[in-house]
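Chain by chain, the residues:
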Amino acid sequence: GHIHAPYFIFIDGGTVYSDGEVIELLGIKGFTATKRLDELDHFLHITDDGRWLHVVDDWLYTQWHSKTIRDRIAKLAAEHDIFTCSVGDSDHSFDFEYYSGGHLVRRYVVEDPNYDGGSVTEDFGRPLPGESAALEHSDELSKVLAVAHSVGVEIDHRPSKIRSFTKPYEGPSRLRPKPSLFRRLLGRT
């Protein structure tokens, strides 16, 4: 299975880093390790498949909204192939990027805020092997994770392999996530 999340960063060979090192390399601030998944505010999960390190964002899109994460990813791509992907929270939009050999070689963005099939708004680089078959999946998360799989990422997000981190929520209290939501998202009822 996989973690149901909106934004993933997969780093080929990233398993050479400790969790703290990858958090620092990506410029992620203020997160501490936690075992209490039902009390999360902002959260971040890290796991791996033995080759690719998986960094998983929360449904507040904390990392996706970071002002520095994309520059940090591009810099880290000088040393590692990196695949990133995201899906919309309330629409059918999705995107993915693939860095290889220190360069962005593929970026594909579909915007679908009106649930009408959407439109491709960016299509940079050559399609990846297996991409066209992956894009036939019915939902956006299945599509982008299938494209990730086509470049070598193995998705096996067993709870025993996931390391979780949390950071206090800093927004309006009325928007603070409810712990029960996180248990459902993580399949822990």
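Worth saying up front: this structure is predicted, and the values here are computed from it rather than measured.

Novice: Would you mind going over the overall build of the chain in detail, with residue names and values included?
Specialist: Looking only at helices and strands, the chain has five helices and nine strands in total. Shown N-terminal to C-terminal, the secondary structure of the chain runs as helices and strands in the order β-α-β-β-β-α-β-β-β-β-α-α-β-α. Intrachain contacts of the chain at a sequence separation of at least 6 include 64% that bridge at least 24 residues. For the chain, the accessible surface area stands at approximately 9700 Å², while carbon and sulfur atoms represent 50% of it.

Novice: Residue-level account of the pattern of salt bridges, with values.
Specialist: Applying the stated criterion across every chain yields a total of eight salt bridges. Between Asp12 and Arg51 there is a salt bridge; the shortest N-O distance is 2.8 Å. On the criterion of sequence distance, the pair formed by Asp12 in strand E1 (residues 7-12) and Arg51 in the loop between strand E3 (42-48) and strand E4 (52-56) is long-range, its members being 39 residues apart. According to the relative accessible area criterion, Arg51 is partly exposed, its value standing at 42%. As a salt-bridge pair, Arg163 and Asp48 come within 3.6 Å of each other at their nearest N and O atoms. Taken as a pair, Arg163 in strand E9 (residues 163-167) and Asp48 in strand E3 lie far apart in primary sequence, 115 residues in all.

Cut-offs applied
- Residues numbered from 1 in each chain as written.
- Predicted model: local features only at pLDDT ≥ 70, side-chain atom pairs only at ≥ 80, totals over all residues.
- Heavy atoms only, no water.
- Helix = DSSP H or I, 4+ residues; strand = E, 2+ residues; numbered from the N terminus.
- Contact = heavy atoms within 4.5 Å.
- Areas by Shrake-Rupley, 256 points an atom, 1.4 Å probe, with all protein chains shown as cover.
- Salt bridge = Lys/Arg side-chain N within 4 Å of Asp/Glu carboxyl O.
- Buried < 20%, exposed > 50% of the residue type's maximum accessible area, 1.4 Å probe, protein only.

Geometric descriptors of this kind do not, in isolation, establish any biological role.
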